[in-house]
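Results of the structural survey
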Amino acid sequence: RENKMGTMPENKLLLSMAVPMMISMLVQALYNIVDSIFVSRICEDALTAVSMAFPLQNIIISIAVGFGVGINALLSRALGQKNAERVNQVAVNGLLLAGLSYLLVLVAGLIGIRAYMRTQTDIETIVNYGITYLNICILCSFGVFVEITFERFLQATGRTIYSMVTQLVGAITNIILDPILIFGLLGFPKLGIAGAAWATVIGQCVGAVVAVMLNHFKNPEVHLRLRHIRPNGRLMGEITAISIPSIIMSCISSLTCFVMNMILIAYSSTAVAVFGVYFKLQSFVFMPVFGLNNGTVPIVAYNFGARRGDRMRQTIKYSICAAVAIMIVGMLMFQSIPDKLLRLFDASEEMLRLGVPALRIISISFPLAGFGIGAGSVFQALGYSVYSMIISLIRQLVVLIPCAYAIGRVTGDVTGVWWAFVIAELVSLTASALYLRRVNRDVIRTL
């Protein structure tokens, strides 16, 4: 029977695929915000430590999501080609890659945590908070690898409603456990920042269990059996070829956060806390767009495999327009109530002084970023993830970091640093438009 990705009207299909992902991403963003709100109640140093831990934590998620991109694209393409055997081979080898990735993260992460924290600050309280938090997150990161891999199986076959359930269960578990484990409620011991870490990994493990069960009972197009577990070097290479640019792109983002923390700590630890809070708040805007992206990739990949260019073009148009619209709404929110958003994190007067202009300035770049994310979903679906990687390199390493450092030095004020985000997104928009034009000419128009 033809999968709905080849038959349903494009606008309805995108809604049915993307809305569940957007809802689940919104809940994920809500968790990120709630987590930081609770951590900020411990003290500002704890909030700063979590902000400094974020880049390393994000690298772990980036590796899992990156391989998920490769799995998603190849699975959807195989479905479009009606090749059931290849579907299962992609799923099995994708799962093996996820397991190998966890082992690599475990060894490298546990060895380098202390050096990582001390590179950013010599304030002993912040360093100790960060080490405590990251030790738990890295040790139990197998949950996030399993959860994201099995979610991608569901997304690739068009079952995004079940993927939404998986993420909802994990995020809601996190939100419930955060205050209980941090502050020692309901008879549990008061664990402080370690409680925030345990809430995170328990939520990921619960989500992983749900994802595995939903795939087993509700996803007949992917069959995982013990007899199928045969490593295929060529197929692993194909998945990796698509995944590596996405992983590098996400890791570049983590490197950018790391370097930005080092730039900002020269002004004050409060500036680092403001940057961390911004990242939590902006996730509430960006996460729905990433959910839209996750819904777009399998549709475009499926119809590319089925050689249906008209459906691809319509889906791309709807997706990019929706991404920009969401970002405009986010920009208006940041422009109108930045002080109220910051007060959610028990912001001091100094944090408000630095944070209000930060949110207003950086949010100007949101609509520009929306176009870039929409274009990136096209590159991922068609196997041109390297374009997204190049754009990310230009935006963050070539433009953002040098501009942030230079403007800060020239103005002597941290407020000038925030304008680097707007400049970087303008450059990114130009590069995204040029690459999208090339892909349209060389691939999409030929179908």
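For the protein, the count of helices and strands is 15 helices and zero strands. Taken against the 2.2 N^0.38 rule, which gives 22 Å for 447 residues, the C-alpha radius of gyration of the protein at 21 Å falls within 12% of a compact globule. If one aligns the C-alpha atoms of the protein with their principal axes, the spans along those axes are about 60 × 50 × 35 Å. Of all 447 residues assigned to the protein, the portion counted as buried reaches 59%. Taking contacts inside the protein between residues at least 6 apart in sequence as the whole, the part at least 24 apart equals 83%. When the accessible area of the protein is evaluated, it comes to approximately 17400 Å², of which 66% is carbon and sulfur surface. Distance between charge centres in the protein, computed from 33 positive and 21 negative side chains, equals 12 Å.

The next subject is the nonpolar core. Among the nonpolar cores identified, the biggest contains 114 residues, and Phe275, Phe366 and Trp418 are the most heavily contacted of them. Broken down by element, this core gets its largest block of residues, 18 residues, from helix H2 (residues 44-80). Those residues in contact with tryptophan 418 that sit more than four places away from it in its chain are Leu264, Ala271, Val274, Phe275, Leu354, Ala358, Ile361 and Ile362. Counting 21 residues, the second largest nonpolar core, distinct from the first, contains Val297, Ala301, Ile320 and Ala375.

Right, let's get into the pattern of salt bridges. A complete count under the given rule lists five salt bridges for this structure. The residue glutamate 350 makes a salt bridge to arginine 353 at a minimum N-O spacing of 2.9 Å. Remark: arginine 353 and glutamate 350 occur in helix H12 (residues 349-362); sequence separation between them is three residues, near one turn of the helix. Here glutamate 425 makes a salt bridge to arginine 395, at a shortest N to O gap of 3.7 Å. With glutamate 425 in helix H15 (residues 419-442) and arginine 395 in helix H14 (residues 385-411), the pair connects residues that are 30 residues apart, well separated along the chain.

Turning our attention to the packing of aromatic side chains. Overall, the coordinates contain 16 aromatic pairs when judged by the stated rule. Between phenylalanine 286 and phenylalanine 290, the aromatic rings sit 6.2 Å apart at their centres with planes inclined by 45 degrees, giving tilted as the arrangement. Here phenylalanine 290 and phenylalanine 286 lie together in helix H9 (residues 269-305), a separation of four residues that amounts to about one turn. Accessibility expressed as a relative area gives 11% for phenylalanine 286, which makes it buried. Between the aromatic rings of tyrosine 384 and tyrosine 387, the centroid separation amounts to 5.3 Å while the plane-to-plane angle is 35 degrees, which identifies the pairing as tilted. Grouped by ring-pair contacts, the aromatic residues Phe275, Tyr278, Phe279 and Phe421 constitute a single cluster.

Now for the packing of helix H3 (residues 84-120) against helix H5 (residues 142-156). Contact pair H3 / H5: the axes reach a minimum separation of 9 Å and the direction vectors enclose 160 degrees. It follows from the interaxial angle that H3 and H5 lie roughly antiparallel. Between H3 and H5 the crossing geometry is right-handed. Residues Ala91, Gly94, Leu95, Ala98, Ser101, Tyr102 and Val105 of H3 form the contact with H5, whose own contacting residues are Phe142, Phe145, Thr149, Phe150 and Phe153. Of the residues that constitute the contact of H3 with H5, the class distribution is nine nonpolar, three polar and no charged.

The next thing to look at is the packing of H2 against H3. It is at 10 Å that the axes of H2 and H3 come closest, and there the two elements cross at 170 degrees. Relative to H3, the element H2 lies roughly antiparallel. Crossing handedness for the pair H2 and H3: right-handed. Taken together, the residues that form the contact of H2 with H3 break down as 20 nonpolar, three polar and one charged.

Scanning the entire structure with this criterion turns up three cavities of 30 Å³ or more. Its volume calculated, the second largest cavity comes out at about 70 Å³. The wall of the second largest cavity is formed by Gln57, Ile60, Ile61, Cys137, Ser141, Val144, Thr200 and Gln204. Looking at the lining of the second largest cavity, the elements with two or more residues in it are H2 and helix H7 (193-218).

Rules used in this analysis
- Residues numbered from 1 in each chain as written.
- Predicted model: local features only at pLDDT ≥ 70, side-chain atom pairs only at ≥ 80, totals over all residues.
- Heavy atoms only, no water.
- Helix = DSSP H or I, 4+ residues; strand = E, 2+ residues; numbered from the N terminus.
- Rg over C-alpha atoms; globule rule 2.2 N^0.38 Å.
- Buried < 20%, exposed > 50% of the residue type's maximum accessible area, 1.4 Å probe, protein only.
- Contact = heavy atoms within 4.5 Å.
- Areas by Shrake-Rupley, 256 points an atom, 1.4 Å probe, with all protein chains shown as cover.
- Lys, Arg positive; Asp, Glu negative; His and termini not counted.
- Charge placed at Lys NZ, Arg CZ, Asp CG, Glu CD.
- Core = buried A, V, L, I, M, F, W, Y, C linked by side-chain atoms within 4.5 Å.
- Salt bridge = Lys/Arg side-chain N within 4 Å of Asp/Glu carboxyl O.
- Phe/Tyr/Trp six-rings, centres within 6.5 Å; stacked < 30°, edge-to-face > 60°.
- Axes fitted to C-alpha atoms, helices over the stretch in contact; angles between N-to-C directions.
- Parallel < 35°, antiparallel > 145°, perpendicular 65-115°, else oblique.
- Left-handed = near helix turned anticlockwise from the far one by under 90°.
- Nonpolar A, V, L, I, M, F, W, Y, C, P; charged D, E, K, R; others polar.
- 1 Å grid on protein atoms, 1.4 Å probe; cavity = no way out; pocket = protein on both sides within 12 Å on 5 of 7 lines; lining within 4 Å.
- Points joined across faces, edges and corners; volume = space filled by probe spheres on them.

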